[in-house]
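Spelled out, the chains give:
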Amino acid sequence: MLIRARKSWEISENETISESLYLNRRQIVAGMGLAGLGLAAGVTPAMAREERELKAFETIKGPYQWDEKITPEPVVAGYNNFYEFGVQKTDPAKNAWRLQPKPWSVEISGHAEKTGVFNYEDLIKPHQLEERIYRFRCVEAWSMVVPWVGVPLRDVIARFNPTSDAKYVAFETLSDKEQMPGLRWPVLDWPYVEGLRMDEAMNPLTMVVVGMFGKELPNQNGAPIRIIVPWKYGYKSIKSIVGIRFTKTQPPTSWNKSAPNEYGFYSNVNPAVAHPRWSQASERVLGGGIFSQFNRVKTLPFNGYAEEVAGLYKGMDLKKYH
Ligand SMILES: Nc1nc2c(c(=O)[nH]1)N[C@H]1C(S)=C(S)[C@@H](COP(=O)(O)O)O[C@H]1N2
Ligand SMILES: [Mo]
């Protein structure tokens, strides 16, 4: 292996980080100015951000541990897609301080014996939390490796006793203009929605995630509760969930609604099926070093999880059901 005595993440992420640090400093200075003038202690963005200290979790090591270099935490927390906070990769880290992840509740509805509004604490039991290292592949052809903290989605679902009519699970993100400045732009049809077929949702790989790197999720990564589906393109991994609905028919999904020929319902990582505007055959590994524009690796079918999930799609034309 080539030894590179350079920074551990590449230039674009460096810019990301220094930009947010810069903003942070500037806002702290603004806050100090207020304090210096003896004004009432208003909460500045930087203060709000710092006050949300991320609680550490005790976790057990889960069964799935992808054996690859973990992406530096500042990259995972600084290079995001969360359009509710803006469309630039650096926007969520700058703007998501407005999100209030506590208290939080999720409405469970549709074809299940048990439905209703449940507090975060009713859904997530701390002693069940496990850490899994997954690789994560965005449809924009970049990838990372992240130690997520959470529980299998199937364990959460089981408590609601879905009926035999529950063929799909639909998820919905919070949509609150007060907390999410990006909602004023109609880039997507808000709220952000996603869905899985029931057997995909019940697959042991599918996770309800509440943390990363041993701590609570930063807001920009989808606090306080999101889904991670490691064999699918990143947009299936919906953030800051307020609704889970068991449905009989295939639910609409945000990216499919916005560009149906570009984004299908299934969205399985598939190097053989190009996006209409770019290839999916390879990917850029984030945080791979200063030369990482050259750090392209071949994309793996089902993002490397074929052994675990290919059976879910037996007999399906994966070009048609992309
Ligand atoms: N609600 C919501 N969830 C979302 C998105 C979004 O814009 N809004 N972006 C998706 C996309 S395209 C990706 S790649 C991942 C990014 O997750 P990360 O920022 O934690 O890496 O979140 C997904 N979940
Ligand atoms: Mo993505």
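Residues numbered from 1 in each chain as written. Chains lettered and ligands numbered in written order. Predicted model: local features only at pLDDT ≥ 70, side-chain atom pairs only at ≥ 80, totals over all residues. Heavy atoms only, no water.

Participant: Help me out: how do you make sense of the pattern of salt bridges in this one?
Facilitator: Between side chains of opposite charge, a pair can form as their charged atoms come close. On inspection of all chains with the given rule, the structure shows 13 salt bridges. A salt bridge links Glu 283 to Arg 135; the shortest N-O distance between them is 2.7 Å. On the criterion of sequence distance, the pair formed by Glu 283 in strand E12 (residues 282-285) and Arg 135 in strand E4 (residues 130-137) is long-range, its members being 148 residues apart. For Arg 197, the salt bridge is made with Asp 199, and the minimal N-O distance between the two is 2.8 Å. Judged by its relative accessible area of 13%, Arg 197 falls in the buried class. Three or more residues are tied together by salt bridges with common partners; here these are Glu 68, Arg 135, Arg 137 and Glu 283. (Salt bridge = Lys/Arg side-chain N within 4 Å of Asp/Glu carboxyl O. Helix = DSSP H or I, 4+ residues; strand = E, 2+ residues; numbered from the N terminus. Buried < 20%, exposed > 50% of the residue type's maximum accessible area, 1.4 Å probe, protein only.)

Participant: I tried to follow the environment of Phe 265 on my own but got confused; where do I start?
Facilitator: Looking at the secondary structure, you find Phe 265 in the loop between helix H8 (254-258) and E12. Put simply, Phe 265 and Pro 251 are 14 residues apart on the chain and 8.8 Å apart in space, counted from C-alpha to C-alpha. Residue contacts for Phe 265: discarding those within four places in its chain leaves Tyr 168, Gly 195, Leu 196, Arg 197, Glu 200, Lys 236, Gln 250, Pro 251, Thr 253, Asn 256 and His 322. (Contact = heavy atoms within 4.5 Å.)

Participant: What is the right way to look at the nonpolar core in this model?
Facilitator: Generally speaking, soluble globular proteins have nonpolar side chains that are buried together. Ranked by internal contacts, the top residues of the largest apolar core, which has 79 residues, are Leu 123, Ile 124, Trp 148, Phe 171, Ile 225, Trp 231 and Phe 246. With six residues, the top contributor of residues to this core is strand E5 (residues 142-152). Those residues within four positions of Leu 123 in sequence are excluded, and the remaining contacts are Val 106, Ile 108, Phe 118, Val 156, Arg 159, Phe 160 and Ile 225. (Core = buried A, V, L, I, M, F, W, Y, C linked by side-chain atoms within 4.5 Å.)

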